[in-house]
Structures are given as C-alpha cells and as structure tokens.
Amino acid sequence: MSGFVAALAGFDRMTVARLRALLDHFDPETAYAVAAGNCVADGPVGELLGRHADLAAAWRSSAAVRDPQRCAEQCRHLGVEVVAATDEAYPMVLRSDPWHPAALFVRGDLAGLQRRRVAIVGTRNASQRGREHAARFAVELTEEAVTIVSGLARGIDAAAHRGALAVAGAQPVAIVGNGLDRPYPRVNSALWAEVAERGAVVSEWPPGTPPDAFRFPLRNRIIAALAEVVIVVESRDRGGSLITAREAAQRDVAVFAVPGGIDQPASEGTNALLRDGAAPATETLDILLALGLDGRRAANRRYDPRPQLHGRAQRIADRCAQGPCTLEMIAEEVDRPLGETALLVARLERDGWVRETAGWFETLVGWDSTPT
Amino acid sequence: MYSSVSTAMVVGSAGHAITVEVQVASGLPGFHIVGRPNGVVREARDRLRGAFYSSDEPWPKTNTTLNLVPATEIKTGSALDLAMAVGILIADGHVDPAAVRGLAFIGELGLDGSIRHVLGVAPMVAALGPVDVVVPSGSHREAQIAAQGEVRTADDLPQLLAVLRGLRPWPDPPPPPPTQLHDDLRDLQDVHGQHVARHGLEIAAAGGHHLLFVGPPGAGKTMLAARLPGLLPPLTDDRSLEATMIHSAAGMPLPAGGLVTQPPYRAPHHTASRAALIGGGSPSLWPGEVSLAHGGVLFLDELAEFTPSVLDGLRQPLELGTISIDRAAVRATMPSAFQLVAAMNPCPCGGGPPGTCMCSDGERLRYARRVSGPLLDRFDLRVPVARPGAHDLLDGTPGESTASVAARVRRARALSIERQGTLNAVLGARRLDEHAQVDEAAKTLLYDEISAGRLSGRGYHRLRRVARTIADLRSVHSDEPVGIVVADDVALALAMRTPLGTSSSGWAV
C-alpha cells in the first residue's frame, strides 16, 4: 500500500491539494490507477483531470517511471516509513489541521509528538548569540520533557536541534523540505542522522525530491501545525521563519519572539513580530508558563561553570553583550593599551565568555554547544 | 674590411656585454646578421638603412655580414643599433677604427638618424666595465649611475660621426634635471582612528613581517598599506643599486638623484598576469612587480581576486628573496626581496559585524580558499580592519604622523639588528628561545591557545616573532630597556592573527 502513496507523492506536478484530493477519495491503489490514467474517475479528481488535459498526460508519464513496488523498496531501503493520513501512526495533532499533508515520510520515531511540543525556528544566517539562545531554550525545554520541533536548516534550526540532543532522552522532530534520501544542507548530515536516530526526521515529499525553494514555506506550515508554541529566535525582515509565525498565528498557536537590538539586522523580523503582538521570549519560564507547565524549579537549576567576572573583564563582557565589538572598541571602553586589552580578551575567550569572528568579539551566554 | 664594436643588451635586470663584428666583403650585395638575433635585432637592418640615408652616409654596396658575439646567446633589443651602424661605417672605410677604441655604444636608431632611448641603460653600462660609453642624451643620468668610464652622449648619427671623424668635440652632457622636493603626500596622519590597524602597520614595519589586512570595503586597507613605505628606512647602498638596475631595465622613471633610495611601493591590479607579477615578459625577460618592489613593499589589493596560480608564483621570491625566470633558451635571476602587504574582504559580500553578512558558509569558505594555505601562512600578521566609526572620521584631530611612527620603527629595527643581526621576521626558529624569551604568564597563554587547537606549530613560531617585535616597540615607546616578551605582547600578537574562512552563521566550518 505504502508504495502507491510514495509513488503518487513523487508525480510530476503533484501538489499538496492534489494528493489530498486523490487519497481522500480513493484508496491508494485506486488513486494510483486513476492518476496513471488506467481508471476513469469522477468527483473532484475527475474534474481536475478534465480541466487540465496536460496534467493527465504528465501524470501518465510519471506513472511510467514511478513503479509503486520500486518506490516501496526504496523507502524500505532508506529506513523511511510512509504514513498516510488515514493510518493509525499519523500524528493526531496534524490530522485535524485543514492543510495537513496527505502522507508523511518518516525516518525515526514520532513518539516525541505525544509530549508537549515547541517549535524553535529562525534565520539561517544567525549571530552567535542567536544560536546560543536557540540552544538554551532547546536544552531547558527538553529538560522539562518538551519536544523540540524545527526544520534542520543551518543557523537557529540546527542550534535548536543540537541543544535538544544535548539532553538525555530527547526525541526532537525535524520537518524538512526535501526527500529523506539526502540530507540538506549537507553540512548538517551528522545532525540529521542523530535526530533520525533519537527522534524523527519528517518530510511530506518522497525520497529523491530535491530541496526546491518553494518546498520550504510549505514545510513551515507543518512545523506551525505540530507546535503548541512557536519561538522565533532571530529573523531578518523577510525571513522564512516569519512564514512559520504567520502559519502559527492562523492556527491560534502562540508565537514568541526573542527580542533583539533594534540595530541588529538579524533581529529585524523578530522585533517586527513583537510589534505585531507576538509575546517576548526572554527566558524558558515564559514558554513553560504558556504551556501551562510550572518550570520555576527547573529554571533555578541553571549552573554556569565559568569563572565569575569582575572589574574590567566584566565591563568587556557587558560591552560585547550590547553588540559585536572590535578590539579597539573594547580598548576604548576599558581605556587600556591594546596589548593589555588583548590579554584581557584572550582570557575571556579562554574561559568561554567571548568569541571572536573575523575581528569581532561577541559575548557568549553560556550555552554554546559549538565544537571548538 | 673588418670592424669590432662593443655594446650591450639586457636580460632580466642584468646587462650582458656584446661585441658586434662587421665584415664588408666583396661579392653580391647582401646583408646578413648572425649570432642568434631575434626579431627586433633583425629589423635593425631597415632602421639602419633609413638612418644612413637621412644622414647622407653610404650604405655598403657589397656583401655585409654582422656577427653578434657571443654567438650562442639570443640577442634582443634595439640597443644594438648604434654599435651596428658604427661597425658598418668602419668596416666600409668611412670611419677610422682608432676613433672607437675604448668606446661602447648603446642606443636605438630612428629612420631620421636620431639616437633614441632604450630600456635598461644602467645595467648595460654596468656590464660593459671600464670603458667610455656613448648613450642617447636622455640616458646620460641613468648611464652615469653605473659607469666606470666617461659617459658620452649624442643626439643623432651625423653628430656622433662628426665627433668620431674629429670634426667636433663631444657635445656637453645635458644639464641635470632640477631636483624635485621629496613631497610624499601619503602620511599616516590622514588615517583617523584604526588603532589596531595602525599598530599592525607599525609592527610590520619594525619587524619586517608580511601583513594581511582583512576587512570590509571602505575600511581603509589600501590607504593604510600605501603608508607602509614611509615607515621603512631608506635602502642600503647595495639594495639601492639593485633596485635602480631593476627600475632601469623595466623602463621605470628614476628619481631625480638617479638612484632609487626610498623603498619602492608597487600595487599591481588583481588582473595582473603571471609575467607581470613574477617577471619574464618579452624576450628580454622584463622584471615583474616582485622585482620592482625589491627593497620595498608589494601591495596586493583584493588578494582573493588574483588568479590563484599567479599568487603561488610568489612563494619562491618570498622564500629566497630572488626570482628565477627560466625559459627554453634564456634564463635570468633577479632580486626580489620585498615586504608583502595584502588586503582582502572576509567574504564575497564584503563582510561587517556578525549578523550583517548574507554569505553562506560555502561561499565564505570558497572565498577564503582562493588564497592557498602556504601563501596565507607567510603572513605573520593578519589584522582585522573595521570601518572607522563616525566620530573617528569627523573628529578633526589627525592621527600620529608618519615621521614620529617612523622614528620608533627605526629604533625598534636597530634593537633587533643589534640583538640578533636580523629583523625579527627572519629570526630562525632555533634562535627564538635565545632572543625571544617569554615570561611565565605568556607561556600559559600560548599553552592555552595551542591546546585549544587555535595555534599550529608553525603559527607558534610566527607568533613569537611578532610578539618579539611588539615587545621591542613597547620598550621603544616607554623608553625602557628591552626585556623579555610578556603576556600582553603575546595577546596582541594573537589578536593580529585573525582566522580566515570562519563562519558567523553556524557550525558548518
């Protein structure tokens, strides 16, 4: 059965709505026969095919290359499970969504969706602080047995998944925009594999689907539909994470945004969300309260192993916390010669308080899971 | 009749003495040049005939053979014209051979009989040794730099022949050009703010370290680099002569005094070809930018935009201080000891503070990789440069002037020469422990950096050399005796080694 769904989902010019129309009206085998043109259909599918003669032709040629048995074999080989909307295994929370996918391709175990669910999303070109905040929220929420849902993109998404995986027993769920045969982006291959092993990587497209740009906004609606709360950590003025936020708002899912400096390009989108009524996410407790979980005890457990700062070191860390600083800006702040300033900064860097990127220093919040 | 006249040609930056033998023998009219002449030399026949005609001199009516000695070397350049003309006239019996004894001739002939300037007069005259030379009047000053005998000039062939026939004395040499006031418009006081970059420049000047500026467009990288030659001391006598020969061979205008005494500054564009940068263009193997920068500064703006294979050609001159150009039939070795200064953006979009760059990690990495690791390794200093803040630009107080920084640089260089006989940049790794000792706090810092994987073995040695220079400058600045290297020095040296190709957007790199 799953082979027919997998084959259908990969048809040329197949859309979310068309696949839904097919599978809502027919069982998979009949749906395949209808799409392949071996069987005359009535109802909405018949109308659709009648309206677009070229669509019927495109599907017929797709059927010639997409053999159900081979598609099923491919999924089995990749360890990908095909879950149709009618199946028992299909997530309940998603089934009630008006725009739910007709089928999901899953690597791993969707058990994490039984727990409370928070989506953490944001820009791919994130700042160091943005990534850290994403990781911090992910760690603290996972510790409260909340499942982190994100998109496995670079930047914030990857940081959120990494943060979640840092906690034992985590079952994070990643919704991706391409087929599960090939990790995308490639740099996240290892992360992709680990999420699949401990939680689940999910796509609504069959293996072999390329990461086309239009699939990512579609993917974002699934993230919004699965989450009870969406946290946007950093976003530019027209970022894809704003699409997730909009989809979430349409579904009455609470949207939180992490406030950022008004002069930080990476926070333009999140600040716009706050202006438009999103709730500010300043600490994990905000989220836990929105979920109705009392997290106060957990929040107090936080432990920072780094040595405490005093005097000039404290001033440098504070200055860098306001925004990236160059060495001369720091020297001006503490009013010391360059050499002495460089030594202070080198010690802060060693102790994990600041990090340098191409001559710019940023303060670390203490949740840096970046391998150095 | 037979004649033999001395002249010279230039290959690379060195002159080669040539003898022109001419025989005008009986037989059918004919004109042959032997002794491996290349195109320019073969064309001399037509230039010579035109000049003879314009000067009312008879063209030989019988079989004429010119032999260029030594016969095995390829001859190139129009500088041989004058000697060929004189040789023909002697062999044909129109000039007394005694008149050219102890004389050598350098110059190109025009169809109107005029004697024209050629490239490389200084190295050619140097190669001729203790003889009197006849050169075009425009080349008098250039010839005098290297001449061991008298330098005679002539404006055209009739004038020269009148002298050789004893009809008139040698013309007076042209008056020396008015000495221009040395007015360098590039002063460090134009650079506002930029304390880290200015300090990096000072360290580079004091220790002879190669320097890479990394920063967004408009940060002032080019402006800073152009001010490095002003911080360097004048060339030593040897260097000065070598640089002058190279400039002469490449046809670069020489300064008013004749010799190149100030460190040259060369800034080739990033589309420069291999021959332009390394040398070896034209059959006479013109000196490239690496040689023109000998004793001074070679500045490569937009380093990542240069063709990678062209850049890799810099490795030999950086290593040896000379460049060898080897072709099938000709080779030349030219001095090319320069200080390399380069500038590049951190990423294709130009970069800026973290969070403003839109480049993907792949783009950043590809950009950084255009500069090969071995070349990047040669830069002791990789200084981050940020755009100056508005208050630095608008604040009217000028930065410290070149003169006062140069004074510190001079003293710091003297310190290192006195201590170890070389600049810090070329201090051998084994002598570091002797001359660049570090204190305990600095050792801890170095230990931390190495164990965190941020510093390699080779980087460690480079870092210690830079720290040595910083310590020298510190003692010059505070007027204290030179001590060992302290943690501050090492920390600053570390800050001047910004990594390239790192990411601001993820774990990818």
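Residues numbered from 1 in each chain as written. Chains lettered and ligands numbered in written order. Predicted model: local features only at pLDDT ≥ 70, side-chain atom pairs only at ≥ 80, totals over all residues. Heavy atoms only, no water.

Asker: A description of the sheet that holds strand 9 (residues 279–280) of chain A should follow, citing residues and the corresponding values.
Answerer: Residues and elements named next belong to chain A. Read across the sheet, nine strands follow the order 1-2-6-5-4-3-7-8-9 without closing on themselves; strand pairing throughout is mixed. Both edges of this open sheet fall to strand 1 (81–84) and strand 9, since each of them pairs with a single strand only. Of the pairings in the sheet, the one linking strand 8 (residues 254–257) to strand 9 comprises two bridges and is parallel in character. Paired with F256 across the two strands is A279, which belongs to strand 9. (Pairing = 2+ DSSP bridges. Helix = DSSP H or I, 4+ residues; strand = E, 2+ residues; numbered from the N terminus.)

Asker: How would you sum up the domain arrangement of chain A? Please name residues and give values.
Answerer: Residue and element names in this part refer to chain A. The domain boundaries assigned to chain A delineate domain 1 (2–73), domain 2 (108–300) and domain 3 (311–363). Centre-to-centre, using C-alpha coordinates, domain 1 lies 33 Å away from domain 2. In this complex, domain 1 contributes six residues to the contact, which on the side of domain 2 involves five residues. Counting the surface domain 1 buries against domain 2, the share from its top three residues, A9, V16 and R66, is 75%. Scanning the region where domain 1 abuts domain 2 turns up zero residue pairs in polar contact (both at pLDDT 80 or more). Of the residues that constitute the side of domain 1 that touches domain 2, the class distribution is four nonpolar, one polar and one charged. (Domains from an automatic or database assignment. Contact = heavy atoms within 4.5 Å. Buried area = accessible area lost by both parts, 1.4 Å probe. Polar contact = N/O pair within 3.5 Å; in protein donor to acceptor, adjacent residues only side chain to side chain. Nonpolar A, V, L, I, M, F, W, Y, C, P; charged D, E, K, R; others polar.)

Asker: Describe the pattern of salt bridges, and please don't skip the residues or the numbers.
Answerer: Scanning the entire structure with this criterion turns up 34 salt bridges over all chains. Put simply, R408 of chain B and E202 of chain B hold a salt bridge, and the shortest N to O gap is 2.8 Å. Taken together, the positions of R408 of chain B in helix 17 (residues 402–420) and E202 of chain B in helix 7 (residues 195–207) put the pair 206 residues apart, joining distant regions of the chain. What makes R408 of chain B buried here is its relative accessible area of 11%. Given a relative accessible area of 7%, E202 of chain B falls into the buried group. One network of salt bridges, in which partners are shared, links D97, E247 and R251 of chain A. (Salt bridge = Lys/Arg side-chain N within 4 Å of Asp/Glu carboxyl O. Buried < 20%, exposed > 50% of the residue type's maximum accessible area, 1.4 Å probe, protein only.)

Asker: Give a detailed account of the pairing of strand 18 (residues 381–384) of chain B, specifying residues and quantitative values.
Answerer: Residues and elements named next belong to chain B. Burial of strand 18 is two-sided: the residues L381 and V383 facing one way and the residues R382 and P384 facing the other way are all buried. Of the pairings in the sheet, the one linking strand 10 (residues 211–214) to strand 18 comprises four bridges and is parallel in character. Bridging across to strand 18, F213 finds its partner in V383.

Asker: Tell me what's going on with the interface of chain A and chain B, and back it up with residues and numbers.
Answerer: Taken together, the contacts link 36 residues of chain A with 35 residues of chain B. Each partner contributes to the roughly 3000 Å² buried at the junction of chain A and chain B, and carbon and sulfur atoms together form 62% of this total. On the chain A side of the contact with chain B, E328, L338 and W360 of chain A bury the most area, a combined 17% of that side's loss. Here chain A and chain B share five residue pairs in polar contact (both at pLDDT 80 or more) between them. Elements supplying a minimum of two residues to the side of chain A that touches chain B: helix 9 (156–165), helix 17 (327–334), helix 18 (338–350), strand 10 (354–357) and strand 11 (360–363) of chain A. The greatest single-element share of the side of chain A that touches chain B, amounting to eight residues, is contributed by helix 18 of chain A. Here the residues of the side of chain A that touches chain B are counted per class, giving 15 nonpolar, nine polar and twelve charged.

Asker: I'd like a description of the packing of helix 9 of chain A against helix 10 (residues 189–198) of chain A, backed by residues and values.
Answerer: All names here are of chain A. Orientation of helix 9 relative to helix 10, taken along the N-to-C sense of each, is 45°, at an axis distance of 11 Å. As summarised for this structure, helix 9 and helix 10 are arranged oblique, according to the angle between their axes. Every pair of crossing elements has a handedness; the one defined by helix 9 and helix 10 is left-handed. Contacts between helix 9 and helix 10 pair A158, H161, R162 and L165 from the former with L191, E194, V195 and R198 from the latter. Class assignment for the residues of the contact of helix 9 with helix 10 results in four nonpolar, one polar and three charged. (Axes fitted to C-alpha atoms, helices over the stretch in contact; angles between N-to-C directions. Parallel < 35°, antiparallel > 145°, perpendicular 65-115°, else oblique. Left-handed = near helix turned anticlockwise from the far one by under 90°.)

Asker: Explain helix 7 of chain B to me, using residue names and the numbers behind them.
Answerer: All names here are of chain B. A rise of 1.5 Å per residue sets the reference length of helix 7, with its 13 residues, at 18 Å; its end C-alpha atoms lie 18 Å apart and thus fit the reference within 8%. When we look at burial in helix 7, the residues that qualify are V196, A197, R198, G200, L201, E202, I203, A204, A205, A206 and G207. Once helix 7 finishes, G208 follows within two positions and takes phi at roughly 70°, a positive value. (Expected span 1.5 Å × (residues − 1).)

Asker: Which residues make up empty space enclosed by the protein, and what values do they have?
Answerer: This model, assessed by the stated rule, comprises five cavities of 30 Å³ or more. Within this model, the largest cavity holds a volume of roughly 260 Å³. For the largest cavity, the lining is made up of 25 residues, of which T357, A358, G359 and W360 of chain A together with P384 of chain B are closest to its centre. Every element with two or more residues in the lining of the largest cavity is listed here: helix 17 of chain A together with helix 7 of chain B. Of the residues belonging to the lining of the largest cavity, the class tally is 14 nonpolar, nine polar and two charged. (1 Å grid on protein atoms, 1.4 Å probe; cavity = no way out; pocket = protein on both sides within 12 Å on 5 of 7 lines; lining within 4 Å. Points joined across faces, edges and corners; volume = space filled by probe spheres on them.)

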